[in-house]
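Letter by letter, the chains look like this.
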Amino acid sequence: QAQLVESGGGLVQPGGSLRLSCAASGITFRLNDMGWYRQAPGKQRELVATITSGGSTNYADSVKGRFIISRDNAKNTVYLHMNSLNSEDTAVYYCNSKRLRAGVGIYEYWGQGTQVTVSS
């Protein structure tokens, strides 16, 4: 059974940094595209960053230059390095995995989320 478990969230001051981790199990991690999404109170869930199985990355404009997504296929883990955090980054951050299997369809899974709060 597929499972994504996020960790690393917490309270951080404006300008600070955090590293989120997402440990995957029950999937062939190296074949999955991985991503981080976030949802702030009263807002829709939005894409933060993605990294393909081949290592290509994509970022929301709001985090470009501040956040870095990376993956370690040996550890079945994807990371989100967040720098220069501000109050607008406050949200629940969710890990996502996605894999297109030809002739079958898309397999997609979500983690339970981890809270990031940026406040002084």
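Attention in this report is confined to the structure presented alongside it. Counting of residues starts from 1 at the beginning of each chain's written sequence and follows it residue by residue. The predicted nature of this model means local features are confined to residues of pLDDT at least 70 and side-chain atom pairs, given and counted, to a pLDDT of 80 or more, with totals for whole chains, interfaces and linings taken over all residues. Note: side-chain values were computed over all heavy atoms of the structure, leaving out hydrogens and water.

A look at the packing of aromatic side chains
Planes of paired rings set the category: under 30 degrees apart is stacked, over 60 is edge-to-face and the rest tilted, where pairs are Phe, Tyr or Trp rings (Trp by its six-membered ring) whose centres lie within 6.5 Å. Per the counting criterion, the structure on display carries one aromatic pair. Ring plane angle 65 degrees and centroid distance 5.0 Å describe the contact between Tyr-37 and Trp-110, whose orientation is recorded as edge-to-face. In this pair, Tyr-37 sits in strand E4 (residues 33-39) while Trp-110 sits in strand E10 (residues 105-110), placing the two residues 73 residues apart along the sequence. Any residue under 20% of the maximum accessible area for its type is buried, any over 50% is exposed, and the rest in between are partly exposed; the area is computed with a 1.4 Å probe on protein chains only. Taking the relative accessible area as the measure of exposure, Tyr-37 reaches 14% and is therefore buried. Trp-110 sits in the partly exposed class, given a relative accessible area of 36%. Geometrically, a charge over a ring is one whose NZ (Lys) or CZ (Arg) sits within 6 Å of the ring centre while staying within 35 degrees of the ring normal. Over the ring of Tyr-94 we find Arg-45, and its NZ or CZ is 3.7 Å from the ring centre. It is Arg-45 that lies over the ring of Trp-110; its NZ or CZ is 4.6 Å from the centre. Secondary structure follows DSSP: runs of H or I at least 4 residues long count as helices, runs of E at least 2 residues long count as strands, and numbering of each begins at the N terminus.

A word on the pattern of salt bridges
A pairing counts as a salt bridge when a side-chain nitrogen of Lys or Arg comes within 4 Å of a carboxyl oxygen of Asp or Glu. Under the counting rule described, the total for this entry stands at five salt bridges. Arg-38 is the partner of Glu-46 in a salt bridge, and the nearest nitrogen-oxygen pair spans 2.7 Å. Residue Arg-38 is classed as buried on the basis of its relative accessible area, which comes to 6%. Among the ionic pairs, Arg-38 bridges to Asp-89, the shortest N-O distance being 2.9 Å. With Arg-38 in strand E4 and Asp-89 in the loop between strand E8 (77-82) and strand E9 (91-101), this pair connects stretches of sequence that are 51 residues apart. Each member of the salt-bridge network shares a partner with another, and the members are Arg-38, Glu-46, Arg-66 and Asp-89.

Focus on the pairing of strand E3 (residues 18-25)
Strands pair, by our definition, only if DSSP identifies at least two bridges between them. Of the strand pairs in this sheet, strand E1 (residues 3-7) and E3 are connected by five bridges, and their pairing is antiparallel. Looking at E3, one finds that Glu-6 is bridged to Cys-22. In this sheet, E8 lies alongside E3 in antiparallel orientation, the contact comprising six bridges. Each residue of the ladder has a partner; that of Ser-21, found in E8, is Tyr-79.

A look at the state of the cysteines
Here, the word disulfide means a covalent bond between the sulfur atoms of two cysteines. Pairs of cysteine sulfur atoms within 2.5 Å are identified as disulfides in what follows. Under the counting rule described, the total for this entry stands at one disulfide. One disulfide in the model links Cys-22 with Cys-95; its S-S distance is 2.1 Å. Between Cys-22 and Cys-95 the disulfide shows an S-S torsion of about -80 degrees. By sign, it is left-handed. Of this pair, Cys-22 sits in strand E3 while Cys-95 sits in strand E9, and the two are 73 residues apart along the sequence. Each member of the pair, Cys-22 as well as Cys-95, is classed as buried.

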